[in-house]
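The residues making up each chain are set out below.
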Amino acid sequence: MKKRILYLIVCIQTAIFCVGTTHAQPIQQQIWSDYVLEDKRARLDKDIRENTVARNFRLQIDSDNEHKFEDACLAISQFLFTGPEIMNGFNKMFAAYSWAEYDTKRALLEAVYAVYPNEYSDSVASKIKIETDADLFALNAVYLLRHDSSVNNQNDLKIAMVERFPGYDTIAVLAQLEKYINGYEASKHLRRPDLRSLFKHQRMIGRKVIYSLQRWNRDYPGLAIIQHANGEFARDNDGRLLVFQQLARSGSDLPYFLRNGSTPQGVYSLFGSAISKTKWIGPTPNLQMGLPFEHPWQRYFHQPLAPRQDSLQLYNQLFPPTWQKYEPMMEAWNAGKLGRSAIIAHGTTIDPAYFREKPFFPLTPTMGCLCAREEWDVKTGRLQLSEQFALVSTYISSPGKDGYLYVINLDDEQSPVSREEIEKIIK
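Novice: Can you walk me through the overall build of the chain in this structure?
Specialist: A count of helices and strands for the chain gives 15 helices and 11 strands. Here the chain has a C-alpha radius of gyration of 22 Å; the compact-globule value for 427 residues is 22 Å, and the two agree. Projected onto its principal axes, the C-alpha positions of the chain cover 60 × 55 × 40 Å. Expressed as a percentage of its 427 residues, the buried residues of the chain come to 57%. Look at the contacts in the chain between residues 6 or more apart in sequence, and 72% of them connect residues 24 or more apart. On the chain, roughly 18600 Å² of surface is accessible, and the fraction owed to carbon and sulfur atoms is 49%. A gap of 4 Å separates the mean positions of the 50 positive and 49 negative side-chain charges of the chain.

This is the structure in structure tokens:
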């Protein structure tokens, strides 16, 4: 049981999905998973809490067992566990930081970022001074920046980066970190171009599109809408706009350019639907998506490319002129260039009770994907409600070839995106 749980955590944590393209959509009432059954959920929860986390964190960390501490951190990042045992384990790992392996350090920093946003600022500040790995330096830096976003701290972090990495601007993750330090908070206050100009642009191109409209604060769920190839929006039989709730938050909520960070804004190419073999994603059809750089350009753009054709220029052409210099839409481009991959739109079998006190309840976070709301019958294992199924079914049934999915932050309102505000924009 324990090995199976750890395998699933690793699958979600590294965003490795075992999928195969589906040729026919199942009927929602036929979708079933044993992972949602009440008894199984209880056994899984007990094993994760008592063995994966508590038992491992009671060990004295050494080079032979540090992988067990890494396993505990992976579970903490996904399920957002906190408490004295968690802090005790983190303290042991920080004490071992100087000799621990890369994967152990990374898991620690991600878990601490996920559940203790301020409590470990001193520990992280001491580790960034000795960190020689660029990825781990970035993880330390974003923790300290969130804790203290003052101009003085921004300057201190940039000075530390220059001192430790004199050629930092040639290191992709650090060049992106500098942009993040300089502009992320300011990006929230940029004037977003008019969405209606984007809708009109897609109508002229004639390719079907999904828009996932989110908040800058990803604690709050967003809504997805579908624009048909003819420019009209998907509606029900009564003419009411169809909206599908999605969470674009990862468990850690790390920045978009870091592995397992929340879903980057920008354009994803769509490649149809598939069924995941990962139990915590579940058997509901997912939408296969691709970031820039993740696939050959001719696949991403759904067309053959001429020799030396400029992929960045083609990416910009996915937007109308008013959007082409709106920097937040480059998050997906930059994240793909840094190697992020396997971001898809999927459902979930994770028990939402883990997140009952969170603003995004009853949705569940992922490792960077778009996750739709699903409700399961814990007695029978049958799917009761699925915004994921509705989204995929509506998209697949829409006439036209596969298109794109745009992730766009609307604003920094501290509330879920509502149907009313989307309808107002479209009207």
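Novice: Quick question: what am I supposed to make of the pattern of salt bridges here?
Specialist: Oppositely charged side chains can pair when the atoms bearing their charge come close. Counted according to the given criterion, the structure contains 13 salt bridges. Here the salt bridges do not stand alone but share partners, grouping D34, K40 and K279 into one network.

Novice: Hey, could you run me through the nonpolar core in this one?
Specialist: For soluble globular proteins, nonpolar side chains are generally found buried alongside one another. Formed by 117 residues in total, the largest nonpolar core has its most connected members in F57, F90, L177, I225, Y315 and Y406. By residue number, the principal contributor to this core is helix α7 (residues 134-147), which donates 10 residues. Contact partners of I225, with chain neighbours within four places excluded, come to F199, V209, I210, Y211, L213, F233, L241, L242, V243, I422 and I426. Among the nonpolar cores identified, the runner-up in size contains 5 residues, and V36, W376, L383 and F389 belong to it.

Novice: Whenever I open this one, unusual backbone geometry confuses me. Can you help?
Specialist: Glycine aside, residues mostly have negative phi angles, and peptide bonds mostly take the trans form. F361 connects to P362 through a cis peptide bond whose omega is 10 degrees. Within the secondary structure layout, P362 lies in the loop between β7 (345-346) and β8 (370-372). Within the chain, R308 stands out as a residue other than glycine whose phi angle is a positive 65 degrees. As for its position among the elements, R308 is in the loop between α11 (297-300) and α12 (311-316). Take R308: its relative accessible area is 87%, and that puts it in the exposed class.

Novice: How should the packing of aromatic side chains be read in this particular structure?
Specialist: Overall, the coordinates contain 33 aromatic pairs when judged by the stated rule. A cation sits over an aromatic face here: K208 above Y395, 4.4 Å from the ring centre.

Novice: Just to check I follow, could you spell out the environment of I48 for this structure?
Specialist: Relative to the assigned elements, I48 resides in helix α2 (residues 38-57). Under the relative-accessibility criterion, I48 is labelled buried at 1%. Sequence-wise, I48 and Q324 are 276 residues apart; in three dimensions their C-alpha atoms are separated by 46 Å.

Novice: Got a minute to help me understand the pairing of strand β3 (residues 222-227) in this structure?
Specialist: Residues in a regular strand project their side chains so that they alternate between the two faces of the sheet. Counting buried residues along β3, 6 of its 6 residues qualify, which places the element largely inside the surrounding structure. Side chains of β3 alternate between two faces, with G222, A224 and I226 and L223, I225 and Q227 buried alike. Bridge analysis of strand β2 (residues 209-215) against β3 gives 5 bridges, and the strand direction is antiparallel. Note that in β3 the partner of S212 across the bridge is A224. Between β2 and β3, which follow one another and run antiparallel, lie 6 residues.

The rules behind each value
- Residues numbered from 1 in each chain as written.
- Predicted model: local features only at pLDDT ≥ 70, side-chain atom pairs only at ≥ 80, totals over all residues.
- Heavy atoms only, no water.
- Helix = DSSP H or I, 4+ residues; strand = E, 2+ residues; numbered from the N terminus.
- Rg over C-alpha atoms; globule rule 2.2 N^0.38 Å.
- Buried < 20%, exposed > 50% of the residue type's maximum accessible area, 1.4 Å probe, protein only.
- Contact = heavy atoms within 4.5 Å.
- Areas by Shrake-Rupley, 256 points an atom, 1.4 Å probe, with all protein chains shown as cover.
- Lys, Arg positive; Asp, Glu negative; His and termini not counted.
- Charge placed at Lys NZ, Arg CZ, Asp CG, Glu CD.
- Salt bridge = Lys/Arg side-chain N within 4 Å of Asp/Glu carboxyl O.
- Core = buried A, V, L, I, M, F, W, Y, C linked by side-chain atoms within 4.5 Å.
- Phe/Tyr/Trp six-rings, centres within 6.5 Å; stacked < 30°, edge-to-face > 60°.
- Lys NZ or Arg CZ within 6 Å of the ring centre and 35° of its normal.
- Pairing = 2+ DSSP bridges.

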